[in-house]
Every structure is written in structure tokens, then in C-alpha cells.
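Fold and geometry: a report
This is what each chain is made of:
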Amino acid sequence: MDIDYRCMLNIAKEASKNSYAPFSKFHVGACVMGASGNLYKGCNFENSSFGLTICAERCAIGNAISNGEKQILAVAIFSPESDECYPCGACRQVIYEFKGDFDTEIITEKDGNPKIDKISSLLPYGFKI
Ligand code: THU
């Protein structure tokens, strides 16, 4: 499966415009590619009860799963507030759950160019039942 990294980053960038982040002012967008090749976007949305905040990656993964995806090939993440915005620890664990037969690719933007990592390098010895 060919992955268009720039296209996924552009979708993540578009999604970041919908971010609801009145507390942190840190806006994040994500784009997930499911095993079908379809793309799903998500953004972070915060809450007055801070612990209820949902990250962009988990929003996009929820979108993918609720559309029938079982495995995730790639996740692109973009924030206008940060060069090279990596998934937090909680999102790494959630990505790991759905890596399936793949070593999910994590796409960030560094100096305007896609940078690719694998979930196995961002979460070594990941936990899964
Ligand atoms: N955030 C994400 O959306 N993804 C990450 O991987 C890191 C953190 C969001 C959560 C919160 O709304 C804001 O960024 C600051 O932590």
C-alpha cells in the first residue's frame, strides 16, 4: 500500500483548524490510514474538566474504528504550534493496540517535510493482551 505522506499531513493540518483547545491553546490535527486505505481525520478537543481532553490521534482512531477499520497503517500528526509534533504516551498505547500485522507508521512534519517513524520505535516493548 503506497502512503502519500504529504496528503496525510495536509489532512491533519486541515483537521487542526477544527481543534477545540481554549485551555492549552495547543491545536492538533491527525489523519489515520486504515488497512482499507481509507483516511480518517480527527482533532483534539478539550474540556472544562481537564482530564476529559481527547487528543487528535485518538479522535481520528475512534473515527477509523467506528467506520469498520480493524488495523491502522499510518497516523499523521500536525500542530501549528510545534514542529515535529509526536503522539503522547497514551496515544502511542492506543496506536499500538491497532497496529495489527503492521508496524504503524507515525508521520510528523519537520522543517516542512514528512518525517517517518514506526510505532515499535516510539513504544518499544508495547503492551497488548
Ligand atoms: N494533544 C494531542 O492532541 N495529541 C498529542 O499527542 C499531544 C497532546 C493535545 C491534548 C491537549 O488538548 C493539547 O494537545 C495540549 O496537551
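Summarised in this report is the structure supplied together with it.

1. Describing the environment of Ser 120
Structurally, Ser 120 is set in helix 4 (residues 119-122). You can call Ser 120 partly exposed: its relative accessible area is 38%. Each C-alpha atom, one on Ser 120 and one on Met 8, is 20 Å from the other, the two residues being 112 residues apart in sequence.

2. Here we look at the pattern of salt bridges
Summed over all chains, the structure comprises six salt bridges. For the salt bridge of Lys 115 with Glu 84, the shortest nitrogen-to-oxygen distance reads 3.0 Å. One end of the pair, Lys 115, is in strand 5 (residues 113-118); the other, Glu 84, is in the loop between strand 3 (72-78) and helix 3 (89-97), and 31 residues separate them in sequence. Among the residues examined, Lys 115 registers a relative accessible area of 28% and is labelled partly exposed. For Lys 118, the salt bridge is made with Glu 105, and the minimal N-O distance between the two is 3.9 Å. Residue Lys 118 is found in strand 5, and its partner Glu 105 is found in strand 4 (residues 105-110); the two are separated by 13 residues along the sequence. In this structure Lys 118 comes out as partly exposed when scored by relative accessible area, which is 36%. A relative accessible area of 13% places Glu 105 in the buried class.

3. Details of the sheet that holds strand 2 (residues 39-43)
Taken together, five strands build an open sheet; the order of strands is 2-1-3-4-5 and the sheet is mixed. Unpaired on one side and paired on the other, strand 2 and strand 5 mark the two borders of the sheet. Adjacent strand axes in the sheet meet at a mean angle of 25 degrees when their direction is disregarded. By the bridge criterion, six bridges tie strand 1 (residues 29-34) to strand 3 in an arrangement that is antiparallel. Of the residues in strand 3, the one forming a bridge with Ala 30 is Ile 77. Lying over the sheet, helix 1 (residues 5-16) contacts strand 1, strand 2, strand 3, strand 4 and strand 5, oriented at roughly 55 degrees with respect to strand 3.

4. Brief notes about the site of the ligand
With respect to spatial proximity, the complete set of residues near the ligand consists of Ser 24, Phe 26, Val 28, Asn 44, Glu 46, Thr 53, Cys 55, Ala 56, Glu 57, Tyr 86, Pro 87 and Cys 88. Here an oxygen atom of the ligand and a side-chain polar atom of Glu 46 are 2.5 Å apart. Contacts to the ligand include Glu 57, whose side-chain N or O atom sits 2.7 Å from an oxygen atom. Here the ligand has 370 Å² of accessible area as a free molecule, and 80% of this is covered by the chains.

5. Things to note about the environment of Ser 24
Mapping Ser 24 onto the fold places it in the loop between helix 1 and strand 1. Residue classification places Ser 24 among the partly exposed positions, given a relative accessible area of 40%. Put simply, Ser 24 and Ile 11 are 13 residues apart on the chain and 22 Å apart in space, counted from C-alpha to C-alpha. Within the local environment of Ser 24, its side chain forms a polar contact with the backbone nitrogen of Phe 26, the two atoms lying 3.0 Å apart. At 2.5 Å, the side chain of Ser 24 and the side chain of Glu 46 are in polar contact.

Reading guide: rules and limits
- Residues numbered from 1 in each chain as written.
- Predicted model: local features only at pLDDT ≥ 70, side-chain atom pairs only at ≥ 80, totals over all residues.
- Heavy atoms only, no water.
- Helix = DSSP H or I, 4+ residues; strand = E, 2+ residues; numbered from the N terminus.
- Buried < 20%, exposed > 50% of the residue type's maximum accessible area, 1.4 Å probe, protein only.
- Salt bridge = Lys/Arg side-chain N within 4 Å of Asp/Glu carboxyl O.
- Pairing = 2+ DSSP bridges.
- Axes fitted to C-alpha atoms, helices over the stretch in contact; angles between N-to-C directions.
- Contact = heavy atoms within 4.5 Å.
- Near = heavy atom within 4 Å.
- Polar contact = N/O pair within 3.5 Å; in protein donor to acceptor, adjacent residues only side chain to side chain.
- Areas by Shrake-Rupley, 256 points an atom, 1.4 Å probe, with all protein chains shown as cover.

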